Amino acid sequence: MHTLTNLRQERRLVTAIPGPKSIEALKRRSAATSQGLGMAIPVIIERASDAILLDIDGNQIIDMGSGIGVVNVGNSASRVVDRVIEQVQAFTHTCFTVAPYMSYIEVCEKLNALTPGTHAKKSLLVNSGAEAIENAVKIARYYTKRPAIVVFEHSYHGRTNLTMALTAKNMPYKEGFGPFAPEIYRVPMPYSFHWVGNQATITEDAIEMVTYKIDKEIGAHNVAAILIEPIQGEGGFIVPPKGFMPALAKYSADNGIVFIADEVQTGFARTGHMFAVEEENVVPDIMVTAKAIAGGLPLAGITGRAEIMDSVHVAGLGGTFGGNPIACAAALGALETMEAENLIARAQHIGTILGDSLRALQKKYPIIGEVRGRGAMQAIELVEVGTKNPHTAAMNAVVKYCQSNGVLVLTAGTYSNVIRFLPPLVITDELLKDALNILDEGFASL
Ligand SMILES: *Cc1c(COP(=O)(O)O)cnc(C)c1O
């Protein structure tokens, strides 16, 4: 239906980055928008398709970040665009809690079917990851009649008041924005690269520390929920060692605690599974989704056991825009794309190329302390050679080199020393390899 010709999937530089038009336009950005907003790459985007961003100077940039893990199906994916056009012409908004419509119901049916576990499930749709996390916490507290929420070191769950309290890192997310919500308890996260021992002993140590803290310092009977990212995103793609997630899920079940998986960044085929918890067959009581759910439109979901989701009184949940019909139409287009284009297999394929290339770079450049992640969600942690001390300056230099050469990569990490890769799952092998070559040049230039 949509007639725009897609951008050729190739990197092309016609000016410096930023070019003259972007430089002019960014003056207006500075004048008009809050200084509190960051900016990963200093260009103004005119169009984008699949894994290519076109700026107003005519530069074509390879997108290795997907707008922070959002456009897994590619930018302006045709099934998303078609469904959005159809919906926007039909109606734009009624508010689902005023007058319901089918696309909201269909997205919930899909989420209930796609998320792990064969038990009865129900869903709720909202606007953002943070809002979804807030709702998951509300529901878990309501269901259990308990106050405490357990979260992990290095975690990221959003920027609203409650989710700032749930998020670990102070700068830039929390600094000066307190006071924060009470009854949030932070426990250790097994960050294997910085811990002593092998995977098995690290898992054992971590479970012992976490359950000790809950049992002795909080009281398991006071805990409404344990909330965890199956692979930590902003924290630096920290992958819990094998056995940790299943042990946490079991501990939660044994103690009447709602186990909440924050799959906001890991969800929707990103890691080579539909959801990252599937790697170890973990079945959360509630799963929170957002980012990639709707191919770029703002939407988020809370999906959980029917008895938990239905425990809340009628009208206790909701919001004006939550599950907006255009966003729901986009989600149906995105989910259809994931299936039709077999994006789970595609993420595994990307994972092989990414992992092999990054490990080859690690051999060449000992500044790369660790390569980690899963599927199309991988990262490198940069250290001072021969130590595990963070090397933030090197990260900044490599990222700058990539940008100047038309490759957009994102950073992460509690220690601000991680470069993360989240390419659209429709990226061609050629484009991916081109981006990785530029990355290689970036390290060579240090
Ligand atoms: C991005 C993110 C959030 C917050 O989502 P927003 O849509 O930005 O509010 C929560 N959890 C994780 C793991 C995220 O990556």
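Residues numbered from 1 in each chain as written. Predicted model: local features only at pLDDT ≥ 70, side-chain atom pairs only at ≥ 80, totals over all residues. Heavy atoms only, no water.

1. Observations concerning the sheet that holds strand 1 (residues 45-49)
Now for step 1: The mixed open sheet is built from four strands, whose spatial order is 1-2-3-13. With one partner strand each, in any of the chains shown, strand 1 and strand 13 (407-408) form the two edges of the open sheet.
Now for step 2: Along the sheet, helix 13 (residues 429-444) contacts strand 2 (52-55), strand 3 (60-63) and strand 13; its crossing angle with strand 3, the most-contacted strand, is approximately 95°. (Pairing = 2+ DSSP bridges. Helix = DSSP H or I, 4+ residues; strand = E, 2+ residues; numbered from the N terminus. Contact = heavy atoms within 4.5 Å. Axes fitted to C-alpha atoms, helices over the stretch in contact; angles between N-to-C directions.)

2. What about the domain arrangement of the protein?
Now for step 1: In terms of domain boundaries, the protein breaks down into domain 1 (20-63 + 342-444) and domain 2 (80-340).
Now for step 2: Placing the centre of domain 1 and that of domain 2 at their C-alpha centroids yields a distance of 26 Å.
Now for step 3: Each side of the interface is counted separately: domain 1 has 30 residues, and domain 2 has 29 residues.
Now for step 4: Of the roughly 2500 Å² buried where domain 1 meets domain 2, counting both sides, 58% is carbon and sulfur surface.
Now for step 5: Inspection of the domain 1/domain 2 interface yields two salt bridges.
Now for step 6: The interface formed by domain 1 and domain 2 contains 20 residue pairs in polar contact (both at pLDDT 80 or more). (Domains from an automatic or database assignment. Buried area = accessible area lost by both parts, 1.4 Å probe. Salt bridge = Lys/Arg side-chain N within 4 Å of Asp/Glu carboxyl O. Polar contact = N/O pair within 3.5 Å; in protein donor to acceptor, adjacent residues only side chain to side chain.)

3. Quick look at unusual backbone geometry
Now for step 1: Residue Pro172 is reached from Met171 by a cis peptide bond, and omega for that bond is 10°.
Now for step 2: Tracing the backbone shows Pro172 in the loop between helix 6 (161-166) and strand 6 (184-187).
Now for step 3: Between Gly178 and the following residue, Pro179, the backbone shows a cis peptide bond with an omega angle of 5°.
Now for step 4: In this structure, Ala269 takes a positive phi of about 75° despite not being glycine.
Now for step 5: Inspection of the secondary structure puts Ala269 in the loop between strand 8 (258-262) and strand 9 (286-289).
Now for step 6: Positive phi values are uncommon outside glycine, yet Asn342 reaches one of about 50°.
Now for step 7: With respect to the element layout, Asn342 can be found in the loop between helix 10 (325-340) and helix 11 (343-364).
Now for step 8: Taking relative accessible area as the criterion, Asn342 reaches 49% and is therefore assigned partly exposed. (Buried < 20%, exposed > 50% of the residue type's maximum accessible area, 1.4 Å probe, protein only.)

4. Structural notes on the side chain of Asp285
Now for step 1: Relative to the assigned elements, Asp285 resides in the loop between strand 8 and strand 9.
Now for step 2: A relative accessible area of 14% places Asp285 in the buried class.
Now for step 3: At 2.7 Å, the side chain of Asp285 and the side chain of Arg305 are in polar contact.
Now for step 4: Once you skip the residues sitting within four places of it in the chain, Asp285 turns out to touch Ile257, Val258, Phe259, Thr303, Gly304, Arg305 and Ile308.

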